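Notes for the structure review
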Amino acid sequence: MLDPQAQTLLQLMVERGIPAFNAQTPVEARQAYLTRKGFTQPDPPAVSHCHDHLVLLNGVNIKIREFRPDGATAVEVLPALVYYHGGGWVIGDIDTHDVLCRQLCQASACAVFSVDYRLAPEHVFPAAYDDAQAAFQWVAANALSLHIDAKRIAVGGDSAGGNLAATVCLGARGGKHLPAFQLLIYPATLMYPDTQSYRDNGEGYALTAEVMDWFMDHYLPSRDLAHDWRASPLKAQSHADLPPALVLTAGFDPLRDEGRLYADALSAAGGSAEYICFERQIHGFITMGRVMREAHTGVAVCADALKRYLF
């Protein structure tokens, strides 16, 4: 059964004629996504510190927003989460996910660094991956001046951001800095999937298969690149020697099965992977705490995992 609050939201979207993202230009879709957050997201919780760093990565300036939890001093050494926002690699930014990052910061008592990676179609694959990896490495390399513990840095993200968090872990294996934990919230792990959830939930639950194809077509210059692990982390040759993970999915989400498959792949390779499915929810629910009670439960589950693995 679909969560009644999710059902109400979907009906309201139909009644108000909210256009699908693939019926708009990327620029229009970005503005619509930013505007819509005010109707579904809760008020932003206070934090002790919020500061934007402008960091030269891959030859371009990338904005990274730092949050420190209420009660933490500016110089207290904290564990950290490097967070990548969702939005299909095409929409979303650190403003659309400001509330979620504040919630995770406060509830976990971790510092959070939210990454404004480059978006498609202006910057196609692998630009988002390159920025995500470089941002994690920058945070880890500058741990001392950022007053965080280099050995306790997690990566996380929702949807496309979950995809980036997973690929950052894959790409960091064998390097100087490896994330201590990966928080994957309904992650996209397989480009152009042929899964049961993609077929069952591909229409009628806000995120459709058509919208996902629109996102992926903008992100990948060629569909042949769908086999690259930096695009489809589920297709990596090995999932061994990766950080422990929490993979969280939603029952009425086209991406549900590829999230479960990724958790299974991590477990099969000998890693530590927890898997939780919010069976009655839709994609994107965790940012919708103004209209869905289970969003707060989802945030609490994520924050609890961060505390267990980083403290």
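Source: prediction; values computed, not measured. Each chain carries its own residue numbering, running from 1 in the direction its sequence is written. Totals for whole chains, interfaces and linings use every residue, but because this is a predicted model, local features are given only for residues with pLDDT of at least 70 and side-chain atom pairs only at 80 or more, for both listing and counting. Only hydrogens and water are set aside; all other atoms, that is, all heavy atoms of the structure, feed into the side-chain values.

Examining helix α4 (residues 127-141)
For an α-helix the count is 3.6 residues per turn, leaving residues at separations of three or four pointing the same way. Here is the rule we go by: Strands here are runs of E lasting at least two residues and helices are runs of H or I lasting at least four, both read from the DSSP assignment and numbered beginning at the N terminus. For a helix, the expected span equals 1.5 Å multiplied by the number of residues minus one. Relative accessibility decides the category of a residue: with a 1.4 Å probe and only protein chains considered, values under 20% of the type maximum give buried, values over 50% give exposed, and everything between is partly exposed.
In this model α4 runs 21 Å from its N-terminal to its C-terminal C-alpha over 15 residues, within 8% of the 21 Å that 1.5 Å per residue would give. Most of α4 sits inside the fold, with 12 of its 15 residues counted as buried. The complete set of buried residues in α4 reads Ala127, Ala128, Tyr129, Asp131, Ala132, Gln133, Ala134, Ala135, Phe136, Trp138, Val139 and Ala140.

Points about the sheet that holds strand β4 (residues 111-115)
Spelled out, the test is: Whether two strands pair comes down to DSSP finding at least two bridges between them. Here an axis means a line fitted to C-alpha atoms, over the contact stretch when the element is a helix, while the angle between two N-to-C directions is reported on a 0 to 180 degree scale. Contact between two residues is taken to exist if any of their heavy atoms lie within 4.5 Å; hydrogens are not considered.
Strand order in the open sheet formed by 8 strands is β1-β2-β4-β3-β5-β6-β7-β8, and the pairing between neighbours is mixed. This sheet does not close on itself; its edge strands, each paired only once, are β1 (49-57) and β8 (273-278). For this sheet the average axis-to-axis angle between neighbouring strands, irrespective of direction, equals 20°. Pairing between strand β3 (residues 78-84) and β4: 5 bridges, direction parallel. Paired with Val82 across the strands is Phe113, a residue of β4. With respect to the sheet, helix α6 (residues 160-172) is in contact with β3, β5 (148-158) and β6 (181-185), its orientation differing from that of β5 by roughly 140°.

Topic: the nonpolar core
Selection criterion: Buried Ala, Val, Leu, Ile, Met, Phe, Trp, Tyr and Cys residues that are joined via side-chain atoms within 4.5 Å together make up what is termed a nonpolar core.
In this structure, Tyr84, Trp89, Ile148, Leu164, Met191, Phe215 and Tyr219 are the most contacted members of the largest nonpolar core, which totals 69 residues. Ranked by residues supplied to this core, first place goes to α4 with 9 residues. Setting aside its immediate chain neighbours within four residues, Leu164 contacts Tyr84, Trp89, Tyr117, Ala128, Tyr129, Ala132 and Tyr219. Counting 35 residues, the second largest nonpolar core, distinct from the first, contains Ala6, Cys110, Ala154 and Phe285.

Overview of the pairing of β8
Put simply, the rule reads: Here is how to tell: hold the view so the strands point away, follow the path from the first strand over the helix to the second, and if it runs clockwise the crossover is right-handed.
In terms of strand pairing, strand β7 (residues 245-250) meets β8 through 6 bridges, oriented parallel. Its bridge partner being in β8, Ala245 is matched across the sheet by Ala273. Regarding the hand of the β-α-β motif, the stretch spanning β7, helix α9 (residues 256-268) and β8 is right-handed.

Topic: the packing of aromatic side chains
Rules: Only Phe, Tyr and Trp rings take part, Trp by its six-membered ring, and two of them pair if their centres are within 6.5 Å. Stacked means planes under 30 degrees apart, edge-to-face means over 60, and tilted covers everything else.
In total, this model carries 10 aromatic pairs according to the counting rule given. Residues Tyr129 and Trp229 carry aromatic rings whose centres are separated by 5.7 Å and whose planes lie at 85° to one another, so their mutual orientation is edge-to-face. Note that Tyr129 is positioned in helix α4 and Trp229 in the loop between α8 (209-219) and β7, a separation of 100 residues in sequence. In this structure Tyr129 comes out as buried when scored by relative accessible area, which is 8%. Using a relative accessible area of 30% as the deciding quantity, one classes Trp229 as partly exposed.

A short note on the side chain of Asp131
The condition is simple: What qualifies as a polar contact is a pair of N or O atoms within 3.5 Å, subject to a donor-acceptor requirement within protein and to the restriction that residues adjacent in sequence count only when both atoms come from side chains.
Topologically, Asp131 is positioned in helix α4. With relative accessibility at 0%, the residue Asp131 sits in the buried group. Of note is the side chain of Asp131, whose polar atom sits 3.0 Å from the side chain of Asn58. With residues up to four places along the chain from it excluded, the contact list for Asp131 reads Leu57, Asn58, Ile62, Tyr117 and Arg118.

Re unusual backbone geometry
Of note, the bond from Ala120 into Pro121 is cis; its omega dihedral lies within 30 degrees of zero at 5°. Summarising the element assignment, Pro121 is placed in the loop between β4 and α4. The peptide bond linking Phe125 to Pro126 adopts the cis configuration, its omega dihedral lying at 10°. If you trace the backbone, Pro126 turns up in the loop between β4 and α4. Although it is not a glycine, Trp89 adopts a positive phi angle of roughly 65°. Mapped onto the fold, Trp89 is located in the loop between β3 and α3 (98-108). For Trp89, a relative accessible area of 1% corresponds to the buried category.

Some words on the environment of His177
By secondary structure assignment, the location of His177 is in the loop between α6 and β6. For His177, a relative accessible area of 15% translates into the label buried. Excluding residues within four positions of it along the chain, His177 makes contact with Phe136, Gln137, Ala140, Ala141 and Ala172.

Here's the deal with the packing of α4 against α6
Basically, it comes down to this: Under this scheme an angle from 65 to 115 degrees is roughly perpendicular, one under 35 degrees roughly parallel, and one over 145 degrees roughly antiparallel; angles in between are oblique. Left-handed describes a crossing whose near helix is turned anticlockwise from the far helix by less than a right angle; the clockwise case is right-handed. Here the nonpolar group is Ala, Val, Leu, Ile, Met, Phe, Trp, Tyr, Cys and Pro; Asp, Glu, Lys and Arg are the charged ones; every other residue, Gly included, is treated as polar.
Here α4 crosses α6 at 65°, and the two axes come no closer than 9 Å. By the angle class used here, α4 and α6 are roughly perpendicular. Considering only the axes of α4 and α6, their crossing is right-handed. Counting all contacts with α4, which are made through Ala128, Tyr129, Ala132, Gln133, Phe136 and Gln137, the residues of α6 involved are Leu164, Thr167, Val168, Gly171 and Ala172. When grouped by side-chain class, the residues that make up the contact of α4 with α6 number 7 nonpolar, 4 polar and no charged.

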